[in-house]
Amino acid sequence: MKTRLLSLKIILAILLILPLFPAGPARAGLTSTPFPDVDSAKYSWAVQSITFMAQSGVLQGYPDGTFKPGRYVNKEEWAVMVYRLFDKYRPSLRSDALNYSRPSYADVPPSHWAYREISDTFVAVGDMTVTARGGKPLFNPEYAFTRWDLAMMLYGLYGIDGGPESTNVCGDMNRFKDITTRLFNTQNELESFRSKDNRYNSELPPGTIYPILFLKEADGTCGANYDDYSALAAGALIEMNKTGILTADAAGKFYPSAKLTRAEAVTVLHRILDHLKTRGVLGNYSSINPTGILRPVPMPAPKPGEAAEGPGPFDRDLQRDGEFNTIVYPNGKKYMRLELTSKDAADLYLYMNGDIAFLRQEELPRYIQVDRVSQIGIKSQSRNPEKRSPLAAYPATLKVTFYDEIPSTGTGTGTGTGTGKPGKDNGGQTGGITAPPGAAAVQDLRSQGEINQTFAPNGSKYMNVNLVSQDKVDVYVQLGTGTAFLKQEELPSKVNVQGMSSVTVRTQSRNPEKRTSQQTYNAYLYVTFSN
């Protein structure tokens, strides 16, 4: 098993204990910034930090003189700001008992523009965004942080501590209404669940949020120390909220998948700097001395239905701007439609409730059921970026639309997979069909009900699904806590099931009320697995 985390005991042994104070009202003073696109009213909570950091040389604007406060900050940009702000703090160069070492990342060669800043500043303590490929660690410099990523990184690297250790972890975690947790009665149950969700597989792309696992103790309390990932996550969320660095809102939502904007990143760094000064240890970390103690107002929560970039569609040049990496909010809608058009071949990863779904570009557009999901991470992955011309543009557009019901096409095209002729819109009945042998399930949907069958991937990466039916029928694929919806017109289709111990497939007829009692409505479900 490949792990991203050190043992919790080791982490706690090497942490720098830096208690932070809760945030309070904003200090009067700076009310404008050097950047024309920073609205002093909209960004009142960040104006002081942006101005101070600009005056201190920690951040610079873009060539057009703007700051772009709502744009997401990626890891390489964050590393440069940290390097400039904490100019005396070089953890990877330390040779003391902490035993940090200079990292070597396959995707950050010495020629990289931020090589020194990344190599001197980052150590793999709680950095869940470091992955691996072929056994070589990847820093993922263009990856945009989420609030979840940053909470764990700050807790692991800086040891943010708001006071005495929590004696009621489960109770403290109850305040977070959008964090998934699981409580187990036995350690065997916990370990069985943990072994199936790939939380320690460093080959997966960054951005996945796994459930925090708790074990019920003999005295009725619960603990998170039976899983390193859970222990780090629970500790980070509790302490970050307690100190006021990153907090849940009044409704208890932490928005873990929301990415950090440039305005938010600068504010977080300013809060840490002011804390170090208050603690009297600023000289060990930075030669930059804040003129006053920051008392920031809370950062605003993301708006339902949109990301920091707006509601979409999202356009970018994959060569110049990097991959799509955004978060969207269904806001109660039942279905999400995804569409990706790109000059370059690119696929999509979806992050929902701790699950990862992989969609090839050829499978798009696609409808996905999202009625039990509060937020969805979407990341693109180009297939052959090394073959691009450095002089060419590679435009791409991502469209995300939400619906209460899937719009009717009205085409009456039937299944498109059998030999029967398509008919008019009469409930999808297509007459007789001839289905090839080897079906995983055969059922008369009128007399026997819908197909509902569970399969074991047995280590396979993909499940291939096809359906031949006399009736218009769609398919739901249950993947852990998420569900993929496949319209019959989109079949056959390939679904990523890597790491799943079981997958349930069920059918859903569109117009069962139009059936006649004299006719059979046979459906043939085909399921195969491949790597």
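## Section: the overall build of the chain
Move 1: Of the regular secondary structure elements, the chain holds nine helices and 23 strands.
Move 2: Expressed as a percentage of the 531 residues in the chain, the buried residues total 54%.
Move 3: For the chain, contacts bridging at least 24 residues in sequence account for 76% of all contacts bridging at least 6.
Move 4: Of the roughly 23,400 Å² that the chain leaves accessible, carbon and sulfur atoms contribute 49%.

## Focus: the side chain of Arg262
Move 1: When you line up the elements, Arg262 lands in helix 9 (residues 262–279).
Move 2: Lacking a salt bridge, the buried Arg262 has Glu77 as its closest oppositely charged neighbour, with an N-O distance of 4.4 Å.
Move 3: With sequence-adjacent residues up to four places away left out, Arg262 is seen in contact with Gln60, Tyr62, Phe67, Lys68, Pro69, Arg71, Tyr72, Val73 and Glu77.

## Concerning the sheet that holds strand 8 (residues 314–317)
Move 1: The four strands are arranged 8-15-10-13 in an open sheet whose pairing can be described as antiparallel. The sheet is open, and its two edges are formed by strand 8 and strand 13 (366–369), each paired on a single side. Strand-to-strand twist of the sheet, defined as the mean angle between neighbouring strand axes without regard to direction, takes the value 20°.
Move 2: Direction of pairing for strand 8 relative to strand 15 (residues 395–403): antiparallel, over a ladder of four bridges.

## Things to note about the packing of aromatic side chains
Move 1: Tallying each qualifying case throughout the model produces 11 aromatic pairs.
Move 2: Relative to Phe139, the ring of Tyr105 lies with its centre 5.1 Å away and its plane at 50°, an arrangement referred to as tilted. With Tyr105 in the loop between helix 3 (75–85) and helix 4 (115–121) and Phe139 in the loop between strand 3 (136–138) and helix 5 (147–158), the pair connects residues that are 34 residues apart, well separated along the chain. Residues Tyr105 and Phe139 agree in their burial class; the two are buried.
Move 3: Taking the centre distance of 5.9 Å and the plane angle of 85° together, the rings of Phe176 and Phe254 count as edge-to-face. Here the residue Phe176 occupies a position in the loop between helix 6 (169–173) and strand 5 (181–184), and Phe254 occupies one in the loop between helix 8 (228–243) and helix 9, the gap between them amounting to 78 residues.
Move 4: Residue Phe176 is classed as buried on the basis of its relative accessible area, which comes to 4%.

The rules behind the values
- Residues numbered from 1 in each chain as written.
- Predicted model: local features only at pLDDT ≥ 70, side-chain atom pairs only at ≥ 80, totals over all residues.
- Heavy atoms only, no water.
- Helix = DSSP H or I, 4+ residues; strand = E, 2+ residues; numbered from the N terminus.
- Buried < 20%, exposed > 50% of the residue type's maximum accessible area, 1.4 Å probe, protein only.
- Contact = heavy atoms within 4.5 Å.
- Areas by Shrake-Rupley, 256 points an atom, 1.4 Å probe, with all protein chains shown as cover.
- Lys, Arg positive; Asp, Glu negative; His and termini not counted.
- Salt bridge = Lys/Arg side-chain N within 4 Å of Asp/Glu carboxyl O.
- Pairing = 2+ DSSP bridges.
- Axes fitted to C-alpha atoms, helices over the stretch in contact; angles between N-to-C directions.
- Phe/Tyr/Trp six-rings, centres within 6.5 Å; stacked < 30°, edge-to-face > 60°.

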